[in-house]
Each structure stands twice: as C-alpha cells, then as structure tokens.
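Chain residues, written in single-letter form:
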Amino acid sequence: MEVFLQCWLKLIMICLMVLVLVLKIAVLLWWRPKKIERHFSRQGIKGPPYHFYTGNVKEVMAMMLKACSQPMPLCHNILPRVFAFYHHWNKIYGGMFLVWFGPTARVTVSDPDMIREILSSKSELYEKKEGHHLIKRLEGDGLLSLNGEKWGNHRKTITPIFHMENLKLLVPMVVQSVSEMIEKWGRSRSGEIEIEVCEWFQRLTEDVIMRTVFGSWYEDDDGKAIFRLQAQQMVLAAQALRIVSLPAYRYLPTKRNISCWKMDRKIKRSLMKLIERRKIDTRGVMQENGAKDLVGLMMQSSSNITVDDMVEECKTFLFAGKHTTSNLLTWTTVLLAMHPQWQVQAREEVIRVCASRDVPTKDDVAKLKTLTMILNESLRLYPPTIATIRQAKVDVKLGDYIIPRGTELLIPILALHHDQAIWGSNANEFYPPRFSEGVARPAKHPIGFIPFGLGVRTCIGQNLAVLQAKLTLSIILQRFSFKLAPTYQHAPTISMLLYPQHGAPIIFKPLSHRDEPP
Ligand code: HEM
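Residues numbered from 1 in each chain as written. Predicted model: local features only at pLDDT ≥ 70, side-chain atom pairs only at ≥ 80, totals over all residues. Heavy atoms only, no water.

The subject of this paragraph is the overall build of the chain. Check the secondary structure of the chain and you find 20 helices and 12 strands. The C-alpha radius of gyration computed for the chain amounts to 25 Å, which stays within 12% of the reference 24 Å derived for 518 residues, consistent with globular compactness. Seen along its three principal axes, the alpha-carbon backbone of the chain occupies a region of about 100 × 60 × 40 Å. Among the 518 residues that make up the chain, the fraction classed as buried is 52%. Sequence-distant contacts, at least 24 apart, represent 75% of the contacts inside the chain between residues at least 6 apart. Working note: accessible area of the chain is about 24100 Å², and carbon and sulfur atoms make up 58% of it. Mean positive and mean negative side-chain charge positions of the chain (67 and 48 charges, respectively) differ by 5 Å. (Helix = DSSP H or I, 4+ residues; strand = E, 2+ residues; numbered from the N terminus. Rg over C-alpha atoms; globule rule 2.2 N^0.38 Å. Buried < 20%, exposed > 50% of the residue type's maximum accessible area, 1.4 Å probe, protein only. Contact = heavy atoms within 4.5 Å. Areas by Shrake-Rupley, 256 points an atom, 1.4 Å probe, with all protein chains shown as cover. Lys, Arg positive; Asp, Glu negative; His and termini not counted. Charge placed at Lys NZ, Arg CZ, Asp CG, Glu CD.)

What follows is the structure, given as structure tokens:
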C-alpha cells in the first residue's frame, strides 16, 4: 500500500513539474508577448501580430529574401531592397512600430529626437544587448558588445590609438599597402583591367587593421588564416540569424555549433601566439614608426586587462576594422564609377593638392574637400552599418512613450539617411555638395547623419576608416580612371553589413601621370 502511495506521489510530482514547465513556457512565449503587445498598442505603437515562439521572423525573412531575389535599377533608392521589412511595415504602422524577433519585442525608432535620447542624452538608461552567440564568437566579447565598467576601462585604454597624431604615423604604412597592391594592376598598362573591388578592398583593410592591432610584429600568414576563419564564421552566423533558436541551443553539439567552436578555438590559438610574440618584444608600446598599437597599449594598461580580454578585443577589431572600411571603399568606388563627373572632380582635386608628389601626404589628405564630401555622401546613401540596437535597462520614458525594461530599440540608420523629411526631395540622389558646409548642416535635423553612431558608444575607429579611405581613393584616382564592368549588377544587400550581393566588378584604365581621363 505504501509503495503504491509513493508511486502516486511521484507521478503527481512529475505531473506538477510538467505543468509548471508548460505554464512557464506559455507565459514566456505567449502571455508575456501578448501583454507587451497590448501595452504598446494602448500607446499607439502597433505592428504585425506576434506569432507563438517565432514572432515575426518568418515574415521578416520572407520579405528580405524576396527583395534580394529581384534586381533593382541603377539608382540609390535602396531602402526597399535592403531593409524590406522596415520599408513595408513603416508604410503600414508609421516610423515607430513593434516587431517580434522570436519572443523578444523590438520597437523601431526613426524619430531623430528619440534617437538622440537613446544614444546620447539618456544613454545611461540603455545598453548594448547580448547578440546571437555565433555573432558574439565572431565579433568577440570586446568594445562592440561590452557594457559598464569593463567597457569604460577598455575604451579609455584603446582610445589613444585612434587619436589623429597616432593615426598620422600610420600613413606611410597605409600608402605602402595600397601602392603595393595597385602596382599589380599598373603592370597591365596596355589596357584596361577588371577588378572585383569588394574582395580587393577587403585584402587591403586586413593588412592595415593587423598592423593597427599588432604593430609590425605580425607575419602575413598569421593574419590571413584568422581572416579566413572569420569569413567562414560570418557565413554560419548569417545562416543562424534566419531562424529562432532556444537559448539552450548554443550549448548543443549541432553541426553548425561544432564547426563554429572549432574555428573559434583555432582563432584564439593564433591570436594567443601573436599576443605572446608581441609580449616578448621589449620595445614597449611603440612600433618602429613610433605609433601605438592595440595589443601594446593593452599590455601596458594599469586596468587589469587579461590575455583573454586581449584575445576578445583583437577579434572585435579585426572584424570591425576590416569589413566596415572595405565596405565604405567599395560603395564609394561604385558611386564614382556611376557618376563619372564626380570622379573627374575628385581626381582634379587630388592632382592639384598632391602636385608632383607620387602619393598623398597626411597634410594633403586634410585638404581634399571634394573627396570628403563624396565620402560623406557615400556614408549617407550606403552606410556600412545600416542599423543599431539598444535594450532598455529599466522601464523608461522615451518621448511620451513608456518602454518596458528589456525592450529592444532598433535604430534604422539607413532609413534615417534616406528620409525625405530630413534630406529633402533629393534624398535618394547622389549629391555630394549637400556636405559642402560639413556634416552638421545639410540635414534638417542634426541627428540626420549618424553613419558612425552617436554619443559615448560612437565608433572608435572612424578616424582610421576615413583616413584609410581618403588615402586609398586618392592613390587610385591619381593613377586610374574607372567605370562599372558590364557584368556589374546593382544589388545592395544586408549580410550583417551592407554588401553588393553580386560583387562589385570595376574596370580600371591606367592614366599616364597627368592624363585627363577618357
Ligand atoms: C566606414 C567605417 C565604419 C563605420 C561605418 C562604422 C560604424 C560604426 C557604428 C555605427 C558604431 C556604433 C554602433 C552602435 O552604436 O551600436 C561603431 C562602433 C564601433 N566601431 Fe566602427 N565603423 C567603422 C569603422 C571602424 C573601424 C575601422 C574600427 C576599428 C579599427 C571600428 C571599431 C568599432 C568599435 C570597436 C566600435 C564599438 C565602440 C564602443 O562601443 O565603444 N569601426 N562603428
């Protein structure tokens, strides 16, 4: 009888546990999202209805895939293709709408005043959110994703690398990298040469970012292996983003997870080796050219930065430093190929400023006003980072809205940059003179142009990116005229950053030193 009773008790316990689990799942995946949906709806923030567990991910993916499967004309109205779900729901629900990425609520915020509150004036109420675990492995647990005191310490330690005085010491190295790579094109002086610039600029930026991170203490092959593995991780991360997975999924030995773990271990080993090599060197923080490098500075820092921290920061900088700048270079080259009159103007300026010098100096770069306008217009129309996300740390008041703790806020940088209310009726046109008075003036709102973000978390590498872009483009303009290859298909798309979906083949024709372009 006692045994029978015990069995019954066990069974009841199991049933209760199952019931609690089912209730918890129901609360997390249904009741809570529906409550949040009602909360926003009462405030006038609507959006597509929440679906159990997946939220709106299926619709988002379907819209993005459909947009990417269609060609687009050679114009700059890229929002409907690149940010299809935003474009679609913005038309139905307005600039502030609620969309569900799984059971996580994400509110899009396109009002510039609210964006200023989130990123700048009340930024202490928001934080970077923990990204997908595969993205975190790729980007590293460094500045991009850190929060709080650790972020503050790292930012303070690393900042001196990106001061203009330090970056100027890197100019000869950047010039050398560009010149060496371009020399190969020049050999075909007899005629034109077709280059896939997307890949070419990636190789170039790899070299520069490796030197910024490790100084001159690295060998070519170390960098190549790490970047190859990061590229493979990027493909896996992009695939994983298309589905909603349970939090526990990250620990399961699935095929994708195992590949990613293996790659991560290899990257870590390579980075550790490079850091060790940098440690043994006794020349201190400085490189041969006097410039500071990331690992050197972190080693000398008094704020207790461990080797593991250094590895994570290296991952962050190798990823962020390579892809963003190469994207900027790619889109600017495409724009100059599409708008030859601006190519001619930019070239004339470079030739005038550099006079008889073969390559630009750091002082020349500061005088390139037309090229600066062109780069800003390129960053406006084709911002490499099309959006950013913050998470409310507590219940916050944003404008007149109450945003519950944990809500994600999506800031659509690309949409802001193409907004006619901010940029006027020519918002989708390539018109560099709008930046003739600098970046603060042209938009109807000062927050209309934020390619590098805003506030305390603004991009730490922007000076390096712009310096590198100006040097590279001016060296190319001095030596070549270029046009789109007949095979070029205009197809901007998002794969973490803004890429040309079918590459960017460009035809370059060498100029004899003072030739006018044909
Ligand atoms: C055209 C080039 C670049 C663009 C458009 C760009 C864009 C951005 C944006 C929008 C943010 C802010 C993200 C946010 O608020 O969530 C950011 C942050 C960051 N960027 Fe860049 N970036 C560029 C180049 C670089 C380079 C060359 C590096 C490294 C050498 C770099 C490293 C970082 C880091 C570490 C952060 C995080 C800063 C922090 O939170 O303290 N970026 N970038």
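It is worth spelling out the coordination of the iron atom of the ligand at this point. Of all protein atoms, Cys459 (SG) alone acts as a donor to the iron atom of the ligand, lying 2.3 Å away. You can see cysteine 459 is positioned in the loop between helix 19 (420-423) and helix 20 (462-479). (Donors = N, O, S within 2.8 Å, 3.2 Å for Na, K, Ca; no water.)

The next thing to look at is the sheet that holds strand 3 (residues 126-127). As summarised here, the arrangement of the 5 strands in space is 1-2-8-5-3, forming an open sheet in which the pairing is mixed. One side of each edge strand has no neighbouring strand; the edge strands of this open sheet are strand 1 (98-101) and strand 3. Here 2 bridges tie strand 3 to strand 5 (residues 388-392), and the two strands are oriented antiparallel to one another. Bridged to tyrosine 126 within strand 5 is alanine 392. Contacts between helix 5 (residues 112-121) and the sheet are confined to strand 3, strand 5 and strand 8 (408-411), with strand 8 contributing the most and set at about 115° to the helix. (Pairing = 2+ DSSP bridges. Axes fitted to C-alpha atoms, helices over the stretch in contact; angles between N-to-C directions.)

What follows covers a positive patch on the surface. On the surface, Arg32, Lys35, Arg38, Arg42 and Arg405 cluster together to form a positively charged patch. Relative to the helices and strands, arginine 32 is located in helix 1 (residues 2-42). (Patch = residues over 30% accessible without salt bridge, like charges linked within 9 Å, V, L, I, M, F, W, Y side chains within 5 Å. Salt bridge = Lys/Arg side-chain N within 4 Å of Asp/Glu carboxyl O.)

As a structural note, the neighbourhood of the ligand is formed by 27 residues, with Trp151, Arg155, Thr388, Arg457 and Cys459 the closest of them. A distance of 2.7 Å separates an oxygen atom of the ligand from a polar atom in the side chain of arginine 155. Those elements that provide at least two residues to the shell around the ligand are helix 7 (148-158), helix 14 (307-338), strand 5 and helix 20. For the shell around the ligand, the element with the highest residue contribution is helix 14, accounting for 6 residues. (Near = heavy atom within 4 Å. Polar contact = N/O pair within 3.5 Å; in protein donor to acceptor, adjacent residues only side chain to side chain.)

Looking now at helix 20. For helix 20, built from 18 residues, the straight-helix expectation of 26 Å at 1.5 Å per residue is met to within 8% by its first-to-last C-alpha distance of 26 Å. Of all 18 residues that make up helix 20, 14 are buried, and the element is covered over most of its length. (Expected span 1.5 Å × (residues − 1).)

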